[in-house]
Amino acid sequence: MAATEAGHDGIAKCSHYFAQPPESPNMMNVGFLGAGTMGREMVLNLLKAGHAVSVYNRTPEKLRPLTDAGATAAVTPAVAAAGRDIVISIVGDDPASRAVWLGP
């Protein structure tokens, strides 16, 4: 995971803030929030299809298999979403959803 620092707006800045462009023009840069049972499998399928994926999870340990498969770990939801073509959120319940969308 890249080093981070807090910016003037309080959002963590990441040295790989924007993903490398996908190799094909039909591929997308995807931000993904949530790496639980369903999210993990969806991220793996996106990676297999050649999409660039930046993923955030409130439990960072769950990111390891995804980064091993080629995803970029994001330190905040904002970093996962920055510069992406699309952002997908798959979290377990309303409190998790509020934490991801409204948290720091």
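Residues numbered from 1 in each chain as written. Predicted model: local features only at pLDDT ≥ 70, side-chain atom pairs only at ≥ 80, totals over all residues. Heavy atoms only, no water.

### Observations concerning the environment of Val91
In plain terms, the rule: Secondary structure elements are defined from DSSP: runs of H or I of at least 4 residues count as helices, runs of E of at least 2 residues count as strands, and each element is numbered from the N terminus. Only protein chains enter the accessibility calculation, which uses a 1.4 Å probe. A residue is then buried if its area is under 20% of the maximum for its type, exposed if over 50%, and partly exposed in between. Any two residues whose heavy atoms approach within 4.5 Å at even a single point are treated as in contact.
The residue Val91 is located in the loop between strand E6 (86-89) and helix H4 (94-102) in this model. Residue classification places Val91 among the partly exposed positions, given a relative accessible area of 28%. Along the primary structure Val91 and Gly34 are separated by 57 residues, whereas in three dimensions their C-alpha atoms are 5.3 Å apart. The residues contacting Val91, other than those within four sequence positions of it, are Leu33, Gly34, Ala96, Ser97 and Val100.

### Description of the sheet that holds strand E3 (residues 29-33)
Heads up, the condition is: Two strands form a pair only when DSSP identifies at least two bridges running between them.
Overall, parallel pairing links the four strands, which are arranged E5-E4-E3-E6 in an open sheet. Only two strands of the sheet have a single partner each, and these edge strands are strand E5 (72-73) and E6. With two bridges connecting them, strand E4 (residues 52-56) and E5 associate as parallel partners. Among the inter-strand pairings, Val55 is bridged to a residue of E5, identified as Ala73.

### Considering the pattern of salt bridges
Spelled out, the test is: Salt bridges are identified by distance alone: a Lys or Arg side-chain nitrogen within 4 Å of an Asp or Glu carboxyl oxygen.
With the rule as written, the count across this model stands at two salt bridges. Taking the shortest distance from any N to any O, the salt bridge between Arg40 and Glu41 comes out at 3.4 Å. Classification of Arg40 as partly exposed rests on a relative accessible area of 28%. Asp68 is the salt-bridge partner of Arg64, the closest N and O atoms lying 3.1 Å from each other. Remark: Asp68 and Arg64 occur in helix H2 (residues 64-68); sequence separation between them is four residues, near one turn of the helix.

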